[in-house]
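Examining the three-dimensional arrangement
Listed below, chain by chain, are the residues.
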Amino acid sequence: MQTETTPADGTDDLRYDQPNDRYVFHHDSDGTATITTTIVHALASIAETDVSQGEFSLYDSVDPDALDRVFSPKADGTDRTGGHIAFTALEHEVYVYANGDVIIYPPAETPRTPTTN
C-alpha cells in the first residue's frame, strides 16, 4: 500500500490515509483553481493518469460546471457550509464536501475467483 503521494497541482495537502484506505485533501477556495480542477489533478495523480493527453475527463463522471456552481459561494457572497456530492471517477469513489474537504477512495480490490481444472 502507498503511504504518501506526491501532491498534484492545486492539491498541496493531498495525503494518503492508510488506516482508512483513502486519499484526503482540502480544496483552497481562496486559490485560483476551481474545485473540479483540483479534483481532476488529484485523481490523475492517484490513478497515474495524464489528463493533458486526454486519458481522463471528469465529464465522464459528473458535470464539472455544475459541481463548481454547487460549491461556489452563495448569492450573498457567503461560503456554503453544508452538503456534499459523491460520484465515481476512474473507478474511485469521490466525496466532495461544501467546506472544501475531498475524500477519494481507491477502487475496491476484486477478489480472485478460484479456478477449477
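About the cut-offs
- Residues numbered from 1 in each chain as written.
- Predicted model: local features only at pLDDT ≥ 70, side-chain atom pairs only at ≥ 80, totals over all residues.
- Heavy atoms only, no water.
- Helix = DSSP H or I, 4+ residues; strand = E, 2+ residues; numbered from the N terminus.
- Buried < 20%, exposed > 50% of the residue type's maximum accessible area, 1.4 Å probe, protein only.
- Contact = heavy atoms within 4.5 Å.
- 1 Å grid on protein atoms, 1.4 Å probe; cavity = no way out; pocket = protein on both sides within 12 Å on 5 of 7 lines; lining within 4 Å.
- Points joined across faces, edges and corners; volume = space filled by probe spheres on them.
- Nonpolar A, V, L, I, M, F, W, Y, C, P; charged D, E, K, R; others polar.
- Pairing = 2+ DSSP bridges.

Right, let's get into the side chain of Thr-49. Looking at the secondary structure, you find Thr-49 in the loop between helix H1 (35–47) and helix H2 (64–70). With a relative accessible area of 15%, Thr-49 lands in the buried category. The residues contacting Thr-49, other than those within four sequence positions of it, are Ala-44, Glu-55, Phe-56 and Leu-90.

What follows deals with the environment of Asp-65. Relative to the elements of secondary structure, Asp-65 occurs in helix H2. Between the alpha carbons of Asp-65 and Thr-36 there is a distance of 8.1 Å; along the sequence they are 29 residues apart.

Our next topic: the layout of surface pockets. Size it by volume and the largest pocket reaches roughly 320 Å³. His-27, Ser-29, Phe-71, Ser-72 and Pro-73 are the residues nearest the centre of the largest pocket, which is lined by 19 residues in total. Its residues assigned to classes, the lining of the largest pocket shows six nonpolar, nine polar and four charged.

Of the strand pairs in this sheet, strand S2 (residues 22–26) and strand S5 (residues 101–105) are connected by four bridges, and their pairing is antiparallel. If you follow Phe-25 over to S5, its bridge partner there is Val-102. Relative to S5, strand S4 (residues 92–97) is paired through four bridges, and the arrangement is antiparallel. The residue of S5 that forms the bridge with Val-96 is Val-102. Here S4 folds back onto S5, and the loop between the two strands holds three residues, one of which, Gly-100, carries a positive phi near 100 degrees.

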